[in-house]
Structures are given as C-alpha cells and as structure tokens.
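Listed here are the chains, written in short residue letters.
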Amino acid sequence: MGFLNRLDDPFNAEGIILGKVEDLLNWGRARSDWYLSFGLACCAIEFMAVNASHFDLMRFGCIPRPSPRQADFIIISGTVTMKMAERIITLYEQMAEPKYVLSMGSCANSGGPYWEHGYHVLKGIDRVIPVDVYVPGCPPKPEAFLDGIVKLQKKINQQAIFKKRAKLAEEEKIIVND
Amino acid sequence: MLVQEIYDNLKEKFPEAVLEFIGTATGDPSTVVDAGQIYNICKYLRDQDGLEFDYLALLSGMDYKDKFGTVYHLYSLKYKHRFVIKTYLPKEDPSLPSVERIWKTANWHEREAYDMFGIKFENHPNMIRILCPYDWEGYPLRKDYVGQETYHGVRIPV
C-alpha cells in the first residue's frame, strides 16, 4: 500500500528503508487529516457519536480544528440549504490546499427527502464544491462514516505530489489545471 | 374560565370587533376577530383581571386560498386556561397591527409569518425575513408559491 508496508521487507542494513518520498509524505498526510469542526443537521449528531469514545475518530488521526485555515478536509454533515451553501463555499475557499470534502448522508449527497419539493435545499453539495467521498445513509451509521474516513485515507495515499501533470491521464489534463 | 365565558366577556367588551365563534369537535375552539382591532383585544386579554393571558404560545400565519389569516394561541399561567384568536386578512397586501409590544415572543413569530406568508405586521420593530435569505423571492408557504429556478447562480430544482 505504501510506506509502512516496506517495513515488512526491510533492507538488511539496520535502519534503512527504501521508499519514495511521495509515499512518506502521503503516509503522513493520510494519518493526520484534520477536519473542520462543522455540523449542519441531524447527521452531525451521528458525527458526534463518531467522535465519542465508542468509535473514537481520533485514532484515525482526525483532530477537529475550529478554523478552516488549519483543516485538511471538511465534513458536510447534513442538509445544505441555499442560504448555508454560500457559507460553505466561503469556508471551503478559506481552507488551504490540499483540501478534501466528505459528503455525509443523503441530504448532502443528493438533497435526500428534499429531493423533489425542497424549495430551499441544495440538491447535493457537489453542485457547489467538489466532493471526494460520499457516505450514504440517513443518517449514516458511525461504521459507515469510519469507512468513509478510510476511503479518504486511501485516496490521499494514492495521490501524486511531484510531477502531477505527467501522471495524469490524457482526458484529465483537459479538466485539471494546476 | 371556560372558553365560552371568555368569549362572552370579550364580546361584551368589543361587540363590533369580535366576529365569530368557531366551536370544533376536536382541538381548541377559536374566536374570529377584526384584524384592525387585534392589538386592543390582545392588550385587554392580557391585562384584564380574571383573564390574564400572559403567555403567547404560538402565532402563525395561514393561507385559506381565498384569504390569509393569523392564529394566536394564548395561555394563562395563572388561571391555566387557553384561548385561540383568529383574524382574516385580504388576499391583496395583507397587514395587521403587531402584538410585539404586548408579548415579546411575538417578535420572531411575526417575522416568521412575514417570511412564509408575506403578512406584514405594522409597528413591528424589525420586520425582516427570519429564515429565508433577505433577497429570497416570494413567500414559500403560500398555496400559489412557485419556487425559484436559481439562487445566486446555483440551480435549485432537480
């Protein structure tokens, strides 16, 4: 998977591990992904349960940050109204790169029960900001949320840091402009 | 006091303004009053000995399709009796006096009625929307409300 797996097959010389710097950096980034402490609706209650001692989100290296400028990813935990969407865009823009978005629950994914008749609800947070991980459920169980965190870590692990453009596929180069 | 007694008391005091008594099989019976006199009637209900409705439990707007309305659920903590007042308002430009100076809790309730139904409350200190954004178009709980297509460039419908 990454950097740590090389410990199983270390070089014979003491204290030497062969690996890529990219793997080392990604290993560090994936296991210290701090999130913006930000709750929206009933999903936030489930999210608080994940933070508590039964599920203990902190063992994944996730520490709540009160400021978007210190956060690595933001959890959209609940119904996003049109009024709130503008605030979320502001928060997202304040976060430093690289940044990730975890969309939690049916409302943030697609509007949920407000899909058809919610005049005031944004039909999915991916209409305004890019989403990395979707966690389904209404609300998602804490186990489902933790699975989303693991998925996010896997994504961070596989990310290119150096020579990003060279590693992209041809069709992605058109979209991504870094 | 029984609701009928309160109604009789009110009818005696305001013979012109008290219009109708609606007794229902379920729920609280209600009294329809003239919207223009709502402030004086509410002030009487709060201050009169024996009535003393010191608690406005709920103030809500209504859309009856052919007219608008407001509903006031009153409760007396001292005498433990309840009373429901209704007003009817015209479809065009509905407005009536605010009761915010009588019960402070009416402040936000009246703002909500304004936000959802477009009912304007005169002499309200802060008559602005409470839930929707300030630049929202239309009043969402009206029966003939049609939702916005976009809000600040973001598409709302599916």
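Above this text you will find the structure in question.
Residues numbered from 1 in each chain as written. Chains lettered and ligands numbered in written order. Predicted model: local features only at pLDDT ≥ 70, side-chain atom pairs only at ≥ 80, totals over all residues. Heavy atoms only, no water.

Novice: Sorry, what's going on with helix 3 (residues 82-94) of chain A here?
Specialist: An α-helix turns once every 3.6 residues. As a result, residues three or four positions apart point the same way. For helix 3 of chain A, built from 13 residues, the straight-helix expectation of 18 Å at 1.5 Å per residue is met to within 8% by its first-to-last C-alpha distance of 19 Å. Looking at helix 3 of chain A, one finds that the buried residues are A:M82, A:A85, A:I88, A:L91 and A:Y92. The buried residues of helix 3 of chain A all sit within an arc of 150° when viewed along its axis, so they share a single face. In the core, the buried residues of helix 3 of chain A are packed alongside strand 1 (35-36), strand 3 (73-77) and strand 4 (100-104) of chain A together with strand 8 (150-151) and strand 9 (154-155) of chain B. (Helix = DSSP H or I, 4+ residues; strand = E, 2+ residues; numbered from the N terminus. Expected span 1.5 Å × (residues − 1). Buried < 20%, exposed > 50% of the residue type's maximum accessible area, 1.4 Å probe, protein only. Arc of directions from axis to C-beta. Contact = heavy atoms within 4.5 Å.)

Novice: Just to check I follow, could you spell out the interface of chain A and chain B for this structure?
Specialist: In this complex, chain A contributes 13 residues to the contact, which on the side of chain B involves 15 residues. Contact with chain B buries surface across chain A, with A:M82, A:K83 and A:Y119 losing the most and accounting together for 56% of the total. Summed over the shared surface of chain A and chain B, the result is zero salt bridges. At the boundary of chain A and chain B, one finds five residue pairs in polar contact (both at pLDDT 80 or more). (Buried area = accessible area lost by both parts, 1.4 Å probe. Salt bridge = Lys/Arg side-chain N within 4 Å of Asp/Glu carboxyl O. Polar contact = N/O pair within 3.5 Å; in protein donor to acceptor, adjacent residues only side chain to side chain.)

Novice: Help me out: how do you make sense of the packing of aromatic side chains in this one?
Specialist: Aromatic ring pairs: the centre-centre distance and the angle between the two ring planes describe each pair. Counted under the stated rule, the structure contains 12 aromatic pairs over all chains. Pairing B:W136 with B:Y151 gives two aromatic rings, centres 5.4 Å apart and planes at 45°, and the pair type is tilted. Here B:Y151 lies in strand 8 and B:W136 lies in the loop between strand 7 (120-122) and strand 8, a separation of 15 residues in the sequence. Note on accessibility: B:W136 and B:Y151 belong to one class, buried. An aromatic cluster is defined as three or more aromatic residues linked by ring pairs; in this entry it consists of A:Y35, A:F47, A:F73 and A:F145. When the ring centre of A:Y92 is taken as origin, the NZ or CZ atom of A:K99, which lies over that ring, is 4.3 Å away. The aromatic ring of B:F68 is capped on one face by B:K91, whose charged end is 4.7 Å from the ring centroid. (Phe/Tyr/Trp six-rings, centres within 6.5 Å; stacked < 30°, edge-to-face > 60°. Lys NZ or Arg CZ within 6 Å of the ring centre and 35° of its normal.)

Novice: Teacher, can you tell me more about the sheet that holds strand 1 (residues 18-22) of chain B here?
Specialist: Adjacent strands of a sheet form backbone hydrogen bonds with each other and so pair up, either parallel or antiparallel. All names here are of chain B. Pairing is mixed in the open sheet, where five strands are placed in the order 1-2-5-4-3. Edge positions in the open sheet fall to strand 1 and strand 3 (55-63), since each of these has one partner strand only. Strand-to-strand twist of the sheet, defined as the mean angle between neighbouring strand axes without regard to direction, takes the value 20°. Inspection of the sheet shows strand 3 paired to strand 4 (residues 68-75) by eight bridges, in the antiparallel sense. Each bridged residue has a counterpart across the sheet, and for L56 the counterpart in strand 4 is L74. Those strands touched by helix 2 (residues 38-47) are strand 2 (30-33), strand 4 and strand 5 (82-89), and its axis lies near 175° from that of strand 5. Helix 3 (residues 106-117) contacts strand 3 and strand 4 of the sheet and is inclined by roughly 10° relative to strand 3. (Pairing = 2+ DSSP bridges. Axes fitted to C-alpha atoms, helices over the stretch in contact; angles between N-to-C directions.)

Interpretation note: all reported values are geometric properties and have no functional meaning in isolation.
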